[in-house]
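Chain residues, written in single-letter form:
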Amino acid sequence: MKPVDTIPKPQSPLREAVVVFFGNWAAAFGLLILMIVIFGSIFGPAIYGVSPQETVNAPFLGPMVDSSSPLGTDYIGRDVLAGILNGGSATIMIGAAAALVAVVIGITIGSLAGYYGGLTDTLLMRFTEFFQVLPALLFVMVLMTLFTPSIQTTVIGIGLVMWPPTARLARAEFMRLKTMDYVRAERAMGARDRRIIWQVILPNAMPPLIAAAALVIGVSILFEAGLSFLGLGDPNIRSWGEMIGSNRDYIFDSPWAVFFPGIAIFLTVLGVSLVGDGLNDAMNPRFRER
């Protein structure tokens, strides 16, 4: 019989989740990509020190032709690298804020519908279906046309069209979890619905919702890029989508001015997706047992 002090102590759930997350090479790679993107967006503009809006060199200057503009210039001589470094913060901020709006709305509506059921479920799901069948891009385009294009308008517009899938997922999770024994025990002890919804069921429903939130962030970044490409973003904000949109008429003269921002968007969305999948695996006990 082993001495008591030699018996290994079980790992805490948080530490076990961290071990599982970093044991997933794809998730760790995605986190590395995001760290590089975020670091470059925060510290890059100060380190590089070139204005993204001003003409700093000859137009249509190719990459690696002039060391002062390593990624070249666009059609009016703006530095492409400066635009990528400065545009990253705007793109990520808009994508994350829009995803937060969508997730908050989706979880709120989905949790109430799944928990209460009946007439509440019917009314909330009909409301969800109304937004789900709306042409998302057309709806946001109309919203951006009616109101002054700004970061706030972009965030609200994207958030309003991105929440229905999260609501349906939250509803399904609440319908499944509300029949569990621990929920029935809480109800038998007199716990109020508010506590059961937000403190008992929601924490156990978070793993798939976290993965869905990561997907929403990625889609929101792509949505913002699409709006900026169409000229419906904030004209005063330099973002990756705005860089692609403003240079689309000169794609054959300076393809690098479109290619590099596109690569930045691709890598960021890829990193967010990989991290989201890794968090889902790490926080889900069924995956940790594998």
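Refer to the structure printed above.
These figures come from a predicted structure and were not determined experimentally.

Undergrad: Tell me about the packing of helix H3 (residues 80-116) against helix H11 (residues 256-283), and name the residues and values.
TA: What describes two packed helices is the angle between their axes and the distance between those same axes. Here H3 crosses H11 at 35°, and the two axes come no closer than 11 Å. As H3 packs across H11, the resulting crossing turns out to be right-handed. In contact with Val-80, Ile-84 and Ile-92 of H3, H11 contributes Trp-256, Ala-257, Phe-260, Pro-261, Ala-264 and Thr-268.

Undergrad: So, the packing of aromatic side chains: which residues are in play, and what are the values?
TA: Tallying each qualifying case throughout the model produces 10 aromatic pairs. Between Phe-39 and Phe-43, the ring centres sit 4.9 Å apart and the planes meet at 45°, which makes this aromatic pair tilted. In this pair, Phe-39 and Phe-43 both sit in helix H2 (residues 25-48), four residues apart, roughly one turn of the helix. Here Phe-39 falls in the partly exposed class, since its relative accessible area comes to 48%. Judged by relative accessible area, Phe-43 falls into the partly exposed class, the value being 42%. An angle of 50° between the planes, with centres 6.0 Å apart, marks the rings of Phe-60 and Tyr-250 as tilted. Of the two residues, Phe-60 is situated in the loop between H2 and H3 and Tyr-250 in the loop between helix H10 (240-246) and H11; the sequence distance between them amounts to 190 residues. Members of the aromatic cluster, connected to one another through ring pairs, are Phe-127, Phe-130, Phe-131 and Trp-163. In this arrangement the basic side chain of Arg-248 is found over the ring face of Phe-229, its NZ or CZ atom lying 5.1 Å from the centre.

Undergrad: I'd love a proper account of H3, names of residues and values included.
TA: Between its terminal C-alpha atoms H3 stretches 53 Å, which fits the 54 Å expected from 37 residues at 1.5 Å a residue. The largest bend along H3 reaches roughly 35° and is located at Gly-87. Where H3 terminates, the next one or two residues include Gly-117, which has phi positive at roughly 65°.

The rules behind the values
Residues numbered from 1 in each chain as written. Predicted model: local features only at pLDDT ≥ 70, side-chain atom pairs only at ≥ 80, totals over all residues. Heavy atoms only, no water. Axes fitted to C-alpha atoms, helices over the stretch in contact; angles between N-to-C directions. Helix = DSSP H or I, 4+ residues; strand = E, 2+ residues; numbered from the N terminus. Left-handed = near helix turned anticlockwise from the far one by under 90°. Contact = heavy atoms within 4.5 Å. Phe/Tyr/Trp six-rings, centres within 6.5 Å; stacked < 30°, edge-to-face > 60°. Buried < 20%, exposed > 50% of the residue type's maximum accessible area, 1.4 Å probe, protein only. Lys NZ or Arg CZ within 6 Å of the ring centre and 35° of its normal. Expected span 1.5 Å × (residues − 1). Bend = angle between axes of the 7 residues up to and from the residue.

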